[in-house]
Structure formats: C-alpha cells, structure tokens
Amino acid sequence: MLTFALRRAILGLLVLATVAVLVFVAFRFVPGDIVNRQLEEAGAVTPALLAEKRAQLGLDEPLPVQFYNWISGVAAGDLGKSLWSGRMVSDQIGAALAPTLQLSVLAILIGGILGIGAGVAAALWRGTPVDMVLRVASTVFLAVPQLWLGLLTLTALAAIGYFIPLPYRGFTAAPLLNLQQVVFPAAVLALGVAAALSRLTRSAMLEVVGADFIRAAHARGVSPSGVYLRHGLKNALIPVLTLLGTQFGNLLSGTVIIERIFNIPGLGNLLFESVANRDYPVIQAAVLTYGLITILVNLAVDLSYGLVDPRIREARA
Amino acid sequence: MSTTNLSEETLARRESRTLAVLRGIMHEPVGLIALLVLVAVILLALFAPLIAQYDPLFQDRRAVLRAPDVVHWFGTDDIGRDVLSRVLHGTRISLFVGLMVVAITMLVGGIIGLISGFFGGWIDMVIQRVVEALDTLPSLILSLFIAALLGPSVRNVIIAVAMAQIPRFVRVVRSEVLKIRAYDFMSAARVLGASPWRIILTHCAPNVMPTMLVMGSLTFGVAIMTEAALSFLGVGTPPPNPSLGTMLSQGTRFIGTAPWLIVFPGLMLTISVLVLNLMGDVLRDVLDPRNR
C-alpha cells in the first residue's frame, strides 16, 4: 500500500512538472512578450524602458536559463512577485487557497450526500414517480449553468430582501458570518455534483441489486437497509468514487465563476483578477496550484479504492 | 462504370444509416421533443436578424431598464437595448462557437488520437504525457488561461474552449484505436500492403466515428457553457457583441432591480444546453453498438 502510494505520488509530481513546462512554454508563444504588452497598455514604450524591465524580470536571459530560474524558485516555494501589487505570489496564493478549499470541500460533501442519496433512492424505487422526478431533476441540473444558478440564487435572495453580508470573513475569524457567506455558493456548486453523481449511483446500484449475493443477503434475513447500504452501495461505490474525483475538477471550474458572483476572495477570484491585470506570475502560479489540487484529489481517490474494495487492497500489497 | 455503381451503392447505404439514426432519435419521445426544441433554437439563432424586432446594439435612451411588456417582451437593459433581440443574437454566437468548437475538437482530437493509438511508440508516449498534463487542469481554468494569453475575440474563444476539450477526445479515440488494432481486418490490410495512412483513414477512422459523434454532441453543450463563462469573466466574446455570458455579467449590477436581465439570457442558455445534452444521450443510445 505504501509503495503504491509513493509510486502514485511520484507519478503525480512528474505530471505536475509537465504542467509547469507547458505553462512556461505557453507564455513564450504569446505574440509580443509580456513586458511589451504591459508597457503598451500603459502607453509608454521606449527601448530603454523595455530593456530595463526585461532585465528586471530576467527575460533577457536565454530560454533554458529562464526556465531553470523559474522552476527552481517554484521548487523552493518562491513563486516570484506580482507584477501588479508587488506582493509575494506565494502569499497571495496561500491567502486565496483557504476560501476555495473550504467552498469545494463543503460543496463536495453536500453534493456527495445529496447525489448518492438520490441515486440510491431512484434505484430502490425504480419506475415509480420518485425515480422519474429524481431523473428529470438530475438531467435539468446537469444542464443549468452554475453561472446562471448562482445569479438566480442572488436574484431570489434579493427578492425576499436578504443580502449576503459582505465583505468576506474567514471561518476562524468569524465562523457564523463565514457560514452565511459560504452556504449559498456551496449549495449551488453541490447541485451540479449531485446531479452527475445521482445518475451514476442509480445505474451502479441497479447493476449490483440484481446480483446473486444481494438475493443471498435477503435470504439470510439481513434487514433491507442493511442489504442496500452495506452490501449494495458498498459494491456500487467504485465507479461513484471515480466520478467524484472527476467531479472535483468540474467543481474547481465552477468555483472560478461562483467566487466571482458571491465575492469570495478565493483562488478563482485571484486568477480572474490576475488575468484582468495581465499579472503573469500570479496566473502561472494559480494555474499550477489548480493542477496540484487535482493531482492530490486523484491520488486520494486512487488510494480510497483500496479502502472500499479489499481485492484492490490485496492486489496492491 | 463499376466504380460509379459502387459509390452509388455506398452512398445509398450511408443515407439509409443516417435515416436509421434519425428514426432511432424520433422513436423516443424525449428524443423527439429534444429534436424539435433544438430545431426551433437553431432556427431562432439562424434567422435572428429577421426575427428580432430591434437592432441588438440600438440604444433607446427613453426606454432604459424597462420591465418586460408588449413592446419589449424581455424588457430592456441599462442603456435601453432590447433584451429579446440581444438574446436571439447571443444564441447565434453561442451556437456558432459551440459548432466550431465541436468541429475543431473532433478534427484535431480525432487525428491526434488516431496517430497516438495507431503508431504507438515514442509519438504515443509524448502525446499521452501532454494530454495527461492538460487533463490535470480543470477545463474552465485551462480555457481561461488560454483565452487570457490570446486576448478576447470570437476566434480566440473558439481556440481556448476547444483546447480544453481536445485531451479527452484524444484519450478516448486512442483507446478505441487500440481496440480496433487487435482485429483481423487490420492485419489483413497490413498484409495486403496498405500504407499506414490508408489504414488509418479507411479502417480506423470510420470505426471510431460513432464514438466521436456521441462525444462531439455531448461536447456541444459544454462548449456553449464554457463560452458563456469566459464571456462572463470578460475574456470571451468581446462587447458590444451580444453574447449570453456578457449579458449575464452586465445583469449582475441590477440583480435586485432588473431580474429580467438575468432570467432570460440564462434561460436561453439552459434550454440550449439541455436539448443538446438530451440529443447527445439519445444519440449515444442509438449509435452504441451494444444497443443495436
């Protein structure tokens, strides 16, 4: 198990390194380099200023040297300085990470419980109105853009005269205020997750429920809830776990929009602001951070298979 | 003489297959409804300039932030533009971007996937590492990154959205090719001396087509949603083009006072994505060989 985890972690690091190379290369493909564009927008392009700025940022060095400088900084946790605010990029990323993680973890928890619950219910009451309603709801919520759902939520809240208190406060600083600010955006994100999960849980459950060992469990006199939850759901969980992992990626995409709508100063908002300001070091670092989160989530999902299925655990040992 | 006969025959066969797929779609009530709504949406988008009663850019300063009424069915925005006309033109842009994204993704993703799966070796190795890395980034973040690099324009939005969808296509097409490669007709073609490109084009490509079509139709909805998201964030379709995402972004300033600025563009967006998803689902059921 440990060697397996270690091997996956190293593979993950390699993927992250590839992401870093691609992100770095992508910036060099931009027509006109970063400094040129920045100065052009400020309306003051002089050759001397260009050269000075370039030297300051190390852009006058050959490409491999530039890459080495950047990547060795990244490896040491030094992500450079923001071109816009002059703050350390690592500080900005660190500050933005907490709200995004809180939001996504809350959303995946709510969405997971809702989605798996709805899927099990739809499978158990297959063909009944409950099943129909749940299936229609999941199809609709898969199609509703979170962008719109978030704005509709704000519209509805405004209509009943409720306005989410601002500015954003962290959970440790003001727990109650923080929950008021986070619960609506998390719920919006959770609905998308739940919609995708319930469909898959339903079909996975239906496949398992027809199996012989379920009939055997019934025959042994196991209570219906025991049969469906302990024997049924546990065996249907592998594909659901896989989807939960891929859903996390979609969830992160969603947070960019939702943080913007609900004024949460997370990673998505940071990415958005750095894109608006063409603050390239911050964009680079934010993209890399998203990559890191996804890799960690995939690693966690990979390891959780072993927890659910003893056969996988033994095969890896 | 014989060649023309042959091509006519293939043509007839192909036609009957398209018909069979269409019949399959219409056989299901959900498929039929989705198809009808989709056709309606496409017609609205196609003939938007004829249907819309106002110029989507015309600013009527005497009718600012009007609630929906008989004159302006969907109301007007903060500078007096007719929301219905803007929604119709916005749908046109959405569908155009979606269609282009699907076409580019299928073409580029398909070709790269075929090459990766067919040739294997170091080409496959390099392609797979890049695909893996791109796949690590959440799709909207990858699109946002590329759109930010390229700058806002309709062309760049199409590139940015397609780039985020291509990795998935490459992976699926590659795995399909790996399956096909094991069949006897592939070795037969090789033994008969067919060139690799001929095998790819005449044997591999047609066999991965059903899978590609299903994935393509499911990508359509995703593409439209991503375009809206990018435009909402200000790196998508540049104003004053009436993109649905841009409209939603402008509407956020009047959330408590003019809900119609949020409701109608979002509703159109949702309906488009919903019917495209439903069509994709039905198409999958019809084209999936296991269901035939």
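Note that the coordinates shown come from a computational prediction; the quantities given were computed from them, not determined experimentally. (Residues numbered from 1 in each chain as written. Chains lettered and ligands numbered in written order. Predicted model: local features only at pLDDT ≥ 70, side-chain atom pairs only at ≥ 80, totals over all residues.)

(A) Structural view of the overall build of chain B. The number of helices and strands found in chain B is eleven helices and zero strands. Tracing chain B from N to C terminus, the helices and strands come up as α-α-α-α-α-α-α-α-α-α-α. If one aligns the C-alpha atoms of chain B with their principal axes, the spans along those axes are about 75 × 40 × 35 Å. For chain B, the residues scored as buried account for 47% of the 292 residues in total. A separation of at least 24 residues holds for 69% of the contacts in chain B among residues at least 6 apart in sequence. (Helix = DSSP H or I, 4+ residues; strand = E, 2+ residues; numbered from the N terminus. Buried ≥ 20, exposed ≤ 12 C-beta atoms within 10 Å, placed from the backbone. Contact = placed C-beta atoms within 7 Å.)

(B) Region of the structure containing the environment of Arg23 of chain B. Residues and elements named next belong to chain B. Along the chain, Arg23 falls in helix α1 (residues 2–27). A residue is classified by how many C-beta atoms lie within 10 Å of it, and Arg23, with 11 of them, is exposed. Separated by 67 residues in the primary sequence, Arg23 and Gly90 have C-alpha atoms spaced 31 Å apart.

(C) Spatial organisation of helix α4 (residues 63–75) of chain A. With 13 residues, α4 of chain A should reach 18 Å at 1.5 Å per residue; the first-to-last C-alpha distance of 18 Å fits that figure. Immediately downstream of α4 of chain A, the backbone of Gly77 of chain A shows phi near 85°, a positive value. (Expected span 1.5 Å × (residues − 1).)

(D) Just the interface of chain A and chain B, in detail. With 35 residues of chain A at the interface, the matching set in chain B holds 33 residues. At the level of elements, α1 (2–28), α6 (129–143), α7 (146–159), α10 (224–261), α11 (267–276) and α12 (280–308) of chain A are the ones that each hand at least two residues to the side of chain A that touches chain B. Each residue belonging to the side of chain A that touches chain B can be placed in one class, and the counts come to 27 nonpolar, seven polar and one charged. (Nonpolar A, V, L, I, M, F, W, Y, C, P; charged D, E, K, R; others polar.)

(E) Molecular detail of the environment of Val182 of chain A. Residue and element names in this part refer to chain A. Along the chain, the position of Val182 falls in helix α8 (residues 175–209). Residues Val182 and Thr46 lie 136 residues apart in sequence; the distance between their C-alpha atoms is 47 Å. Setting aside chain neighbours within four positions, we find Val182 in contact with Gln102, Leu103 and Leu106.

(F) Examining the nonpolar core more closely. One finds Leu271 of chain A together with Ile141 and Leu144 of chain B to be the most contacted residues of the largest nonpolar core, which totals 147 residues. Setting aside residues up to four positions removed in sequence, Leu271 of chain A forms contacts with Val256, Ile283 and Ala286 of chain A together with Ile141 and Leu144 of chain B. (Core = buried A, V, L, I, M, F, W, Y, C linked by C-beta atoms within 7 Å.)

(G) Spotlight on the packing of helix α4 (residues 83–119) of chain B against helix α5 (residues 121–136) of chain B. Residues and elements named next belong to chain B. Where α4 meets α5, the closest approach of the two axes is 7 Å, and the angle between their N-to-C directions is 135°. Considered as vectors, α4 and α5 are oriented oblique to each other. Seen from above, α4 lies across α5 with left-handed handedness. Judged by residue contacts, Ile112, Ile115, Ser116 and Phe119 of α4 engage Gly121, Ile123, Asp124, Ile127 and Gln128 from α5. Taken together, the residues of the contact of α4 with α5 break down into five nonpolar, three polar and one charged. (Axes fitted to C-alpha atoms, helices over the stretch in contact; angles between N-to-C directions. Parallel < 35°, antiparallel > 145°, perpendicular 65-115°, else oblique. Left-handed = near helix turned anticlockwise from the far one by under 90°.)

(H) Unusual backbone geometry, seen in detail. Residues and elements named next belong to chain A. Not every positive phi belongs to a glycine, and Asn263 is a case in point at roughly 55°. Along the chain, Asn263 falls in the loop between α10 and α11. A residue is classified by how many C-beta atoms lie within 10 Å of it, and Asn263, with 13 of them, is partly exposed.

(I) Local environment of the packing of helix α5 (residues 89–124) of chain A against α6 of chain A. Residues and elements named next belong to chain A. One can describe the packing of α5 onto α6 by two numbers: an axis separation of 8 Å at closest approach and a directional angle of 140°. On the basis of the axis angle, α5 is oblique to α6. Between α5 and α6 lies a crossing whose hand is left-handed. Across the interface between the two elements, Ala118, Ala121 and Ala122 of α5 pack against Val130, Asp131, Leu134 and Arg135 of α6. For the contact of α5 with α6, the per-class residue count stands at five nonpolar, no polar and two charged.

(J) Spotlight on helix α9 (residues 196–233) of chain B. Compared with an ideal rise of 1.5 Å per residue, which puts 38 residues at 56 Å, α9 of chain B spans 45 Å between its outermost C-alpha atoms and falls more than 12% short. The sharpest bend along α9 of chain B measures roughly 45° and falls at Ala205 of chain B, with the proline Pro206 of chain B sitting one to four residues further on. (Bend = angle between axes of the 7 residues up to and from the residue.)

(K) Quick look at the domain arrangement of chain A. Residues and elements named next belong to chain A. Split by domain assignment, chain A resolves into domain 1 (2–75) and domain 2 (95–316). Inter-centroid distance (C-alpha atoms) of domain 1 to domain 2 is 33 Å. Tallying the contact residues gives 14 residues for domain 1 and twelve residues for domain 2. For the side of domain 1 that touches domain 2, the secondary-structure elements that each account for two or more residues are α1 and α2 (34–42). (Domains from an automatic or database assignment.)

(L) Examining the confidence of the model for chain A more closely. Confidence in the prediction for chain A averages 84 pLDDT; 93% of positions are at 70 or higher. Element-level mean pLDDT values for chain A span from 64 in α2 of chain A up to 91 in α5 of chain A. (pLDDT = per-residue confidence, 0-100.)

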